[in-house]
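# Architecture and fold: a report
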Amino acid sequence: MAVIDDALTAHRNGDIAMAEMLYRAVLKSDGRHFDALHMLGVLCAQRGNFVEAEQHLRAALAVDQAVPPCLHNYGRVLSGVGRHDEAIAAFDKTLALAPNYVPVYLDRGNAQLAAGRLPGALASYDRALALEPRFAPAHYNRGIVLERLNRHAEALSSYERAVALHPNFAEAESNRGGALARLGRYQDALNACDRALSLSPDLAQAHCNRAIALERLGRGAEALQSSTRAVALDPRLAQGHGFHASLLIKAGRFAEALQSCDRALALDPTNAQTHCDRAVVLAKFARYQEAHEACERALALDPNHAEAHSNRAYILERLRRYSEAIEACDRALALSPDLVPAHCNRGVVFTKLNRFAEAIQSFDRAAAIDPNLAQLHCNRGSALRHINRLDEAMASFQKALALDPNSADAHLNLGELRLLRGDFAGGQPEYEWRWQSGPAIPNLRQFSQPLWLGAEPLTAKTILLHSEQGLGDTIQFCRYAPLVAARGGRVVLEVQASLVELLKSLPGVAQVVAKGGVLPAFDMHCPLASLPLAFATRIETIPADTPYLSASAALRDKWRPQIDAGAAGLKVGIAWAGNPNLPNDHIRSIDLQSMTALFATPGVRFFSLQKELREGDAALLRAHPQVVHLGEAMDSFADTAAVISLLDVIISVDTAVAHLAGALAAKTWILVPYVAEWRWLLDRSDSPWYPTVRLFRQPALNDWTGVVAAVGEALRAIAQDGRVPAAAGQVSA
């Protein structure tokens, strides 16, 4: 007996090594010695060796399973290795033997909390406090459970009771700050966190809660400092990484935010908010499918997470799954009727569906809740512009800029509206904001050479003019190349590969390079769409001397037999759809079925110039043999130019084909929406950019039927007149 007494004395005195040696000596003599097994298990647990601790305590209980302290310690070890259900069973056995053993209720509550059994945990803490009302740890842990149950006011009371009993209880003071923040008492929350940190400066949770309070107080930079400190102090603090990610998102540091989301989810994959935030970041990187999957995971964890439904709506809109996006918005608003992003997302989707009145209603509802969101007013202005309520659209863009003077979207929209109204002087500088707005950012070139916007002399300099937008934009603005050359510069033109051969015919260009190819040395550069600004272009000074492009004589000869085959009559080229990936394609393109009314026009042969057919187009063309489909046989725009030059009239929506026909000075009829892109201006049927173009405008919103009817009437008139217009277009060798 002396050896076990010496072991217990050594253990009490903190001489762990001696105690262990003596316990093992006792067990070598008697492998079933209860006290030696029990206390060696306790000692192993103190050292963090829970596996061996569990073995020794289990062996002790095999000797005597009716000793409450041993059962209690066994439960604590089981809980320490994550075997919470078994731990709870051990605690229950302990309490059956010692029903007033207060620490066991605390530990049972902790195990139930870890197992997600929140009502049971609350009952355990309440029982502990019924037995010992001044037991501060039970008040503290009770607060944690109440917070998990979203009973924040009661949680605050529990934390305050813990602090009152134990004024230096830093963890309780920290959690008190968290509860105050959830109750909207942000300054009180900050004060509580600061007090907790005065007691324990390296308490990670207090830094995390402080970050939450600071963010709600609008002190974002300080909040980010606190969250950074929190995750540095405790890299395993899942909540810290999650909130740090949300702050990084607000700061626009998306790559770091994604890393923080991933760290948080590695520690706690069940946090719906972090999955939701991760979806936001992935959407910023245009990784929409992954973003959608992240939203789905958030909603699987919390089907009533309104923000996740709203974010999913945004992502579905990006994926062009518009009906599902509307459903997601409606679900978000059913859960949270005043959720502003959901109203905004709903408005954006309705805009994409050309349901502008409903879009404006959604934006107005959002503005009634929070009138201080710049992007909201910008989106509202865009919807108003599409229905020709231009003064109101202008006011919305200006409101957006009053709220956020650096809103690139608002500047760009304001610029395009001014250009649409013919105010080139006011619109062109604003149009330069496109480089900070979403769609154009990927096309921004980071050259070390300076940007030329018309001020510097070009004599003996090489200047790179580079494409940046669609094929039509390149064709429209390449007209400025000869003017640049006239300033004394050597012009290198970088354009899309399909335009290289065609643009070699452009006067004043020393070299044409395919985009993505090796560039020659140059001194300055200018994006093509910035050239109107560089030359201070006004409507009356638009360089409209067409043709400025020409078709190859050899390619004309290649295509002539196919064009001239068949009956005599008017030869008409048609193009009905543009690039489906452009944001405004749903507004400018027509479905082929709407065009078929033209195909019965007597004395007319039609030639499809549509390069890429959409679903159903091929079947429609087969059903109308009077239409000769050439598009897929044309290898480049040099081929398209040759075909256009052999035709009498080109009928096209606002596509590269329309611009090419105008640049070739071909007779061109362009079908444009009710409110068209800025280049087509307002209320006119001609174009100052292309003298041979006639515009057919929608008489009312979405009314392509009226446009096609007007085109059909004009087509019948020239076909019946019998005077076939000469095929226009300059020819090059």
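## Quick word on helix α7 (residues 102-114)
- In a regular helix each residue adds 1.5 Å, so 13 residues correspond to 18 Å; α7 covers 19 Å between its end C-alpha atoms and thus fits that length.
- Here α7 lies mainly inside the structure; 10 of its 13 residues are buried.
- All buried positions along α7 are accounted for by V102, V104, Y105, L106, D107, R108, G109, A111, Q112 and L113.
- Elements that come into contact with the buried residues of α7 comprise α5 (68-80), α6 (84-97), α8 (118-131) and α9 (136-148).
- Taken from the residues just after α7, G116 is the one with a positive phi, measuring 80 degrees.

## Quick notes on the side chain of E215
- Relative to the elements of secondary structure, E215 occurs in helix α13 (residues 204-216).
- Apart from residues lying up to four places away in sequence, E215 is in contact with A223, F243, L247 and K250.

## Concerning the environment of A255
- Looking at the secondary structure, you find A255 in helix α16 (residues 254-267).
- In this structure A255 comes out as partly exposed when scored by relative accessible area, which is 48%.
- Between the C-alpha atoms of A255 and K284, which are 29 residues apart in sequence, the distance is 9.6 Å.

## Let's talk about the pattern of salt bridges
- If you walk through the whole model with that rule in mind, you get 46 salt bridges.
- Linking E20 and R47 is a salt bridge whose minimum nitrogen-to-oxygen distance equals 2.3 Å. Taken together, the residues E20 in helix α2 (residues 16-29) and R47 in the loop between α3 (34-46) and α4 (50-63) connect sequence positions 27 residues apart.
- Judged by its relative accessible area of 47%, R47 is partly exposed.
- Here R219 and E222 are joined by a salt bridge, their closest N and O atoms 2.8 Å apart.

## Focus: unusual backbone geometry
- Residue P547 is reached from T546 by a cis peptide bond, and omega for that bond is 0 degrees.
- Phi is positive for A460, close to 65 degrees, though the residue is something other than glycine.
- Note that A460 resides in the loop between α26 (424-431) and β1 (462-466).
- Overall, the relative accessible area of 74% leaves A460 in the exposed class.

## Some words on the confidence of the model for the chain
- Of the residues in the chain, 98% reach a pLDDT of 70 or more, and the chain-wide mean stands at 94.
- Every residue in residues 726-733 scores below 50 in pLDDT, and together they form 25 contacts with partners more than four places removed in sequence or on other chains.

## Some remarks on helix α22 (residues 356-369)
- Compared with the 20 Å implied by 1.5 Å per residue over 14 residues, the 20 Å span of α22 between its first and last C-alpha is a close match.
- Where α22 is concerned, the buried positions are F356, A359, I360, S362, F363, A366 and A367. The arc that holds the buried residues of α22, viewed along the axis, is 160 degrees, so those residues lie on one side. Away from the buried face of α22 by more than 90 degrees, exposed residues A357, Q361 and A368 are located.
- Buried positions along α22 lie against α21 (340-352), α23 (374-386) and α32 (585-588).

## Here we look at the sheet that holds β1
- Pairing is parallel in the open sheet, where 4 strands are placed in the order β3-β2-β1-β4. With one partner strand each, in any of the chains shown, β3 (509-514) and β4 (524-527) form the two edges of the open sheet. This sheet shows a mean twist of 20 degrees between the axes of neighbouring strands, independent of strand direction.

## Considerations on the packing of aromatic side chains
- Across all of its chains, the model carries 14 aromatic pairs by this definition.
- Judged by centre distance (6.2 Å) and plane angle (80 degrees), the ring pair of F424 and W678 falls under edge-to-face. Of this pair, F424 sits in helix α26 while W678 sits in the loop between β10 (668-672) and β11 (693-697), and the two are 254 residues apart along the sequence. Each member of the pair F424 and W678 is classed as buried.

## Considerations on the nonpolar core
- Counting 104 residues, the largest nonpolar core has W452, L465 and L549 as its most contacted members.
- The contact partners of W452, leaving out residues within four places of it in the chain, are L458, I463, V484, R487, M524, H525, C526, L531, A534 and F535.
- With 84 residues, the next largest nonpolar core counts A45, A90, F135 and A279 among its residues.

## With respect to the side chain of D277
- Relative to the helices and strands, D277 is located in helix α17 (residues 272-284).
- Put simply, D277 is tucked away with no salt bridge, and the nearest opposite charge, on K250, sits 6.9 Å away.
- Contacts of D277, omitting those with residues within four sequence positions, involve G242, S246, I249, C261 and E307.

What counts as what
- Residues numbered from 1 in each chain as written.
- Predicted model: local features only at pLDDT ≥ 70, side-chain atom pairs only at ≥ 80, totals over all residues.
- Heavy atoms only, no water.
- Helix = DSSP H or I, 4+ residues; strand = E, 2+ residues; numbered from the N terminus.
- Expected span 1.5 Å × (residues − 1).
- Buried < 20%, exposed > 50% of the residue type's maximum accessible area, 1.4 Å probe, protein only.
- Contact = heavy atoms within 4.5 Å.
- Salt bridge = Lys/Arg side-chain N within 4 Å of Asp/Glu carboxyl O.
- pLDDT = per-residue confidence, 0-100.
- Arc of directions from axis to C-beta.
- Pairing = 2+ DSSP bridges.
- Axes fitted to C-alpha atoms, helices over the stretch in contact; angles between N-to-C directions.
- Phe/Tyr/Trp six-rings, centres within 6.5 Å; stacked < 30°, edge-to-face > 60°.
- Core = buried A, V, L, I, M, F, W, Y, C linked by side-chain atoms within 4.5 Å.
- Lys, Arg positive; Asp, Glu negative; His and termini not counted.

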